[in-house]
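Chain and residue survey
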Amino acid sequence: MRAGNVAAVFLRGDCYIDRMKNPFAELPPVPYLEGLHYAVRILLGTAIVWVLMEALGIGSPVWGLITVIVVSEPHMKNAWTTFLSRFINTLVGSAMGLVFLLGFGPHADFLPIAAALTALASIYLTRMMQGWRIGPVTTAIVISSALVDPAHGGVLSVALDRTVSVLIGSVVALAVTYLMALVWIPEADRAGDDGKAS
């Protein structure tokens, strides 16, 4: 069973229902090489981001690591789409957080409204359904940081730090995805290419 089919089974909940009926039932097989391919990309990407950001002293390595994990995809086209989605929604979330802070000040009461409006902006303004949650999460981070440190300079620093970290993590994830595709094509992709050639 291919990775997509396994994911579909989990999303439908069939696997959980079967496990409740029989906890010792055999789970669907996971493609070994595809899982290993993904793990190697994550290892390379997170190591590069951590060393790079620590050496340069810019951004937050943790957000860079998270971005590498989120953006990493076996296919370059999917990685590019995820990169655009995450970066654009981070910009939207940072901007909305700053607008609310400058307009209303650091008040926790406005956090739910700001998160909801950011979700609307992330979905309807960017027209990108993938990764829309990143927008409201970033807004929450920016506003909550102001609740701890009300100085506007600190808030702007958090927004810029988050944006820079996401950009670096995204670029590294794209580069690793591209380079890995040159030296190690996932088994499913090779099978698909062979089918097209015949």
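Read on for an overview of the structure. (Residues numbered from 1 in each chain as written. Predicted model: local features only at pLDDT ≥ 70, side-chain atom pairs only at ≥ 80, totals over all residues. Heavy atoms only, no water.)

**Considerations on the overall build of the protein chain**
Across its full length, the protein chain carries nine helices and zero strands. The N-to-C order of helical and strand elements in the protein chain reads α-α-α-α-α-α-α-α-α. Buried residues in the protein chain amount to 34% of all 198 residues. Carbon and sulfur atoms make up 71% of the accessible area of the protein chain, which totals about 11,400 Å². (Helix = DSSP H or I, 4+ residues; strand = E, 2+ residues; numbered from the N terminus. Buried < 20%, exposed > 50% of the residue type's maximum accessible area, 1.4 Å probe, protein only. Areas by Shrake-Rupley, 256 points an atom, 1.4 Å probe, with all protein chains shown as cover.)

**Some points on helix α6 (residues 111-125)**
In this model α6 runs 20 Å from its N-terminal to its C-terminal C-alpha over 15 residues, within 8% of the 21 Å that 1.5 Å per residue would give. Residues of α6 that are buried: A114, T118, A119, A121 and S122. Seen along its axis, α6 keeps its buried residues to an arc of 165°; they face one direction. Exposed side of α6, more than 90 degrees from the buried face: P112 and Y124 are the residues found there. Buried residues in α6 make contact with α5 (76-104) and α7 (134-148). Remark: R127 follows α6 within two positions and exhibits a positive phi of approximately 60°. (Expected span 1.5 Å × (residues − 1). Arc of directions from axis to C-beta. Contact = heavy atoms within 4.5 Å.)

**What about the nonpolar core?**
Among the nonpolar cores identified, the biggest contains 10 residues, and these are V92, M96, F100, L101, A114, A121, V142, I143, A146 and A159. Considering each element in turn, this core owes the most residues, four residues, to α5. Discounting residues that sit within four places of it in the chain, V92 has contacts with T118, A121, S122 and T126. Counting seven residues, the second largest nonpolar core, distinct from the first, contains M53, I168, V176 and M180. (Core = buried A, V, L, I, M, F, W, Y, C linked by side-chain atoms within 4.5 Å.)

**Thoughts on a nonpolar patch on the surface**
A cluster of nonpolar side chains, contributed by L44, I48, L52, L56, I58 and V164, occupies part of the molecular surface with about 460 Å² of accessible area. Ranked by residue count, the leading element in the nonpolar patch is helix α3 (residues 32-56), at four residues. Its place among the elements puts L52 in helix α3. (Patch = residues over 30% accessible without salt bridge, like charges linked within 9 Å, V, L, I, M, F, W, Y side chains within 5 Å. Salt bridge = Lys/Arg side-chain N within 4 Å of Asp/Glu carboxyl O.)

**Looking at the environment of I69**
Inspection of the secondary structure assignment puts I69 in helix α4 (residues 61-71). Taking the C-alpha atoms as reference points, I69 and L43, 26 residues apart in sequence, are found 9.3 Å from one another. Excluding anything up to four places from it in sequence, I69 contacts Y38, I42 and T46.

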